[in-house]
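Here is what each chain is made of, one letter per residue.
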Amino acid sequence: MNRKHYMEVRFQTTAGKDGNMQYTSPENRNIPQERYRKFLKGFLVQGILLLLVLAAAVILIDPFFHYHKPWFGLKAVLTDKEYQCIGSLRTFDYDSLIVGSSVAENYYNGWFNEGFQCKTVKAIRSYGATADLCYLLDAAYEEHDLKYVFYSMDTSSLAADATPTYELTGCPMYLYDKNYFNDVEYLFNKGVLFEKIPYMIANSLIGDYDENDSYNWAQWKEFNQDMALGLYLRKAEIAPMKEADFYRDTLDANLKLICAQVENHPETRFKIFFPAYSMLFWDNLYRTGDLEAYLYNMEQAIGTLVAYENVDMYYFQDETDIITNLENYMDTLHFSPEINRFMAEQIIAGNTAYRLTEENYMERLSGMRGLSYRIVEEYMEPYVDLIKVDYGQ
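Residues numbered from 1 in each chain as written. Predicted model: local features only at pLDDT ≥ 70, side-chain atom pairs only at ≥ 80, totals over all residues. Heavy atoms only, no water.

## Considering a nonpolar patch on the surface
Put simply, the test is: Patch definition: residues with relative accessible area over 30% and no salt bridge; like charges joined within 9 Å; nonpolar side chains (Val, Leu, Ile, Met, Phe, Trp, Tyr) joined within 5 Å. Reported accessibility uses the Shrake-Rupley method at a 1.4 Å probe radius. Residues are deemed covered only where the shown protein chains occlude them. Salt bridge criterion: a side-chain nitrogen from Lys or Arg within 4 Å of a carboxyl oxygen from Asp or Glu. A run of H or I in DSSP becomes a helix once it reaches four residues, and a run of E becomes a strand once it reaches two; helices and strands are each numbered from the N terminus.
On the surface, a nonpolar cluster with roughly 570 Å² of combined accessible area is contributed by Y36, F39, L40, F43 and L44. Structurally, the position occupied by Y36 is in helix α3 (residues 31–61).

The structure is reproduced here in structure tokens:
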């Protein structure tokens, strides 16, 4: 090979910006491409490591208790029931439940723990529909044997649709469905990483959060007559009264769900009680035409449930001094924590004045019927000029 041919093979020539020829070897020409590959590889590795660190942080702290109960000295900071309730029922240690809607959130767990020598957690659903609460009961029974279920039964729940509403109402189903492949919505969630985890750590280490106050919202609310009346929009027209058995099909479906829980778990003592709604609730039932149907629903439900040996029932809706005093309420339904405590104390004491039996429940409900009409005709009269009226159709 002569020198000229060697130079042609060894070098490639290109014209530089100054017009002079530049020579680049094949080895040098590949350097930028190699650097790019190294950069891309490093970037991907670091990105994967970052994602693993983020996922590990969520799994280790786990503010929704999806994988485990609290550890590392952290507290069970429970403030967001739609996200935390299902996880706590599956991973916490307990032997009893406080079950109900938002009116049950302000019970102090310790009242029941001390009164019945048990360890409670709350199974709460805002709407308090029977199907939703039974869904939570099923989740609890998967890994737990329950001594007590303290069930706050809302009157409206007996007329609610008897199918779970979690998915329909936009709950985070990736926390409910046990499909760990869709947990990416939890593991790489900005709100979880930068809000929920810091909030849990702060309340555990430097705050005064009391685990017995799970889901309690009362500290941010006011309970007085002005609040209650201000949030009550009274119907201008009185609707025709529905037939007593208007909700019969729905009632039967809901009772079937509740009875299944009672029958399938004879080892559990069910303390079922109807909480004390304000007189505004009863006035509204009358004006919407639901009063007789709701009374009938309670009559059927109590008559069915009170016959079970593992069921104790209590009734607080006819406690006149409480329900006609609007200083106890923030709206038609939600009462102050003092009323929660009063009802808990009566249940703990087994106070027969509030206990329903097969012998007395019809008389109690007859009294409630009479009281509800007196509310409309007498007790509401002083407040008529203070109430906002709904003139809509």
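## Some words on the packing of helix α6 (residues 130–143) against helix α10 (residues 248–264)
Condition: Axis definition: a line fit to C-alpha positions, over the contact stretch in the case of helices; interaxial angles, taken between N-to-C directions, run 0 to 180 degrees. For this classification, under 35 degrees means roughly parallel, over 145 means roughly antiparallel, 65 to 115 means roughly perpendicular, and everything else is oblique. For any helix crossing, the convention is left-handed if the near helix is rotated counterclockwise from the far helix by under a right angle, and right-handed if that rotation is clockwise. Throughout, a residue-residue contact means that at least one pair of heavy atoms, one from each residue, lies within 4.5 Å. Throughout, the ten residues Ala, Val, Leu, Ile, Met, Phe, Trp, Tyr, Cys and Pro are labelled nonpolar, Asp, Glu, Lys and Arg are labelled charged, and all others, Gly among them, are labelled polar.
Close contact between α6 and α10 brings their axes to 10 Å; oriented N to C, the two are set at 20 degrees. With respect to their mutual orientation, α6 and α10 come out roughly parallel. The handedness of the crossing between α6 and α10 comes out as left-handed. Counting all contacts with α6, which are made through T130, A131, C134, L137, D138 and Y141, the residues of α10 involved are N254, L257, I258 and Q261. Each residue belonging to the contact of α6 with α10 can be placed in one class, and the counts come to six nonpolar, three polar and one charged.

## Considerations on the pairing of strand β7 (residues 269–274)
Worth spelling out the cut-off: Under the scheme applied here, a residue whose accessible area is under 20% of the maximum for its type counts as buried, over 50% as exposed, and between as partly exposed, the area being computed with a 1.4 Å probe on protein chains only. Two strands pair under a simple rule: DSSP has to find at least two bridges between them.
By the criterion of burial, β7 is predominantly enclosed, with five of the six residues buried. By the bridge criterion, five bridges tie strand β5 (residues 148–152) to β7 in an arrangement that is parallel. Counted as the bridge partner of Y151 is I272 from β7. Here β7 pairs with strand β8 (residues 311–315) via five bridges, running parallel. Counted as the bridge partner of K271 is D312 from β8.

## What to know about the packing of aromatic side chains
Put simply, the rule reads: Pairing of aromatic rings covers Phe, Tyr and the six-membered ring of Trp, with a centre-to-centre limit of 6.5 Å; geometry is then stacked below 30 degrees between planes, edge-to-face above 60, and tilted otherwise. In this scheme, Lys NZ or Arg CZ marks a charge over a ring once it lies within 6 Å of the ring centre and within 35 degrees of the ring normal.
With the rule as written, the count across this model stands at 28 aromatic pairs. Taking 5.0 Å as the distance between ring centres and 50 degrees as the angle between the ring planes, the aromatic pair formed by W71 and F72 counts as tilted. Judged by its relative accessible area of 61%, F72 falls in the exposed class. Measuring from centroid to centroid gives 6.2 Å for Y135 and Y176, while their planes differ by 45 degrees, and the two rings are tilted. One end of the pair, Y135, is in helix α6; the other, Y176, is in the loop between β5 and α7 (184–187), with 41 residues separating them in the sequence. An aromatic cluster of three or more residues is present, and its members are Y107, F112, F116, Y148, F150, F273, F316, F342 and Y354. The aromatic ring of F246 is capped on one face by K242, whose charged end is 5.5 Å from the ring centroid.

## Side note on the pattern of salt bridges
Per the stated rule, a full pass over the model turns up 16 salt bridges. The salt bridge involving D93 is made with K69; its shortest N-O contact spans 2.5 Å. Placement of the pair is D93 in the loop between α4 (81–91) and β3 (96–100) and K69 in the loop between α3 and α4, with a sequence separation of 24 residues. In this structure, the salt-bridge partner of E142 is K178, at a minimum N-O distance of 2.9 Å. With E142 in helix α6 and K178 in the loop between β5 and α7, the pair connects residues that are 36 residues apart, well separated along the chain.

## Brief notes about the confidence of the model for the protein
Basically, it comes down to this: A residue's pLDDT is simply how confident the predictor is in it, with values from 0 to 100.
For the protein, mean pLDDT is 92; residues scoring 70 or higher make up 92% of the total. Note on residues 3–16: pLDDT under 50 across the span, and 16 contacts to partners over four residues away in sequence or across chains.

## With respect to α10
Filter applied, for reference: A helix is expected to span 1.5 Å for every residue after the first.
Its 17 residues place the ends of α10 24 Å apart at the C-alpha level, agreeing with the 24 Å of an ideal helix rising 1.5 Å per residue. Contacts from the buried residues of α10 go to α6, β7, α12 (291–305) and β8.

## Quick word on the sheet that holds β8
Pairing within the open sheet is mixed, and its six strands lie in the order β4-β3-β5-β7-β8-β9. Sheet topology places β4 (120–124) and β9 (355–356) at the edges, where each strand pairs with a single neighbour. Relative to the sheet, helix α5 (residues 109–116) contacts β3, β4, β5 and β7, its axis offset from that of β4 by approximately 130 degrees.

## Structural notes on the side chain of D390
The cut-off we apply is this: Pairs of N or O atoms within 3.5 Å make up the polar contacts considered here, provided that, within protein, one atom can donate a hydrogen while the other can accept it, and that residues adjacent in sequence are counted only when both atoms are side-chain atoms.
With respect to the secondary-structure elements, D390 resides in strand β10 (residues 388–390). The exposure class of D390 is buried, given its relative accessible area of 19%. Within the local environment of D390, its side chain forms a polar contact with the side chain of K235, the two groups lying 3.2 Å apart.

## A closer look at the state of the cysteines
Note the following rule: Disulfide assignment relies on a single distance test, namely cysteine sulfur atoms paired within 2.5 Å.
A complete count under the given rule lists zero disulfides for this structure. In this structure C85 is a free cysteine whose sulfur lies 10 Å from that of C171, the closest cysteine sulfur available. C259 provides the cysteine sulfur closest to C134, a residue in no disulfide bond, and the two sulfurs are 9.7 Å apart. Looking at C134, the relative accessible area reads 4%, which means it is buried.

## With respect to unusual backbone geometry
Despite not being glycine, F72 has its phi angle at roughly 60 degrees, a positive value. Looking at the element boundaries, F72 is found in the loop between α3 and α4. Phi is positive for K178, which is not a glycine, with a value near 65 degrees. The exposure class of K178 is partly exposed, given its relative accessible area of 46%.

## What to know about the packing of helix α11 (residues 279–288) against helix α15 (residues 361–379)
Close contact between α11 and α15 brings their axes to 9 Å; oriented N to C, the two are set at 90 degrees. Comparing their axes, α15 and α11 come out roughly perpendicular. The residues of α15 that touch α11, namely those facing M279, W282, D283 and Y286, are M368, S372, Y373, I375, V376 and Y379. Residues of the contact of α11 with α15, tallied by class, amount to eight nonpolar, one polar and one charged.

## Structural notes on the side chain of N254
Position of N254 relative to the elements: it lies in helix α10. At 2.8 Å, the side chain of N254 and the backbone oxygen of A160 are in polar contact. Ignoring any residue separated from it by four or fewer positions in sequence, one finds N254 in contact with T130, A131, S157, L158, A159, A160, D161 and A162.

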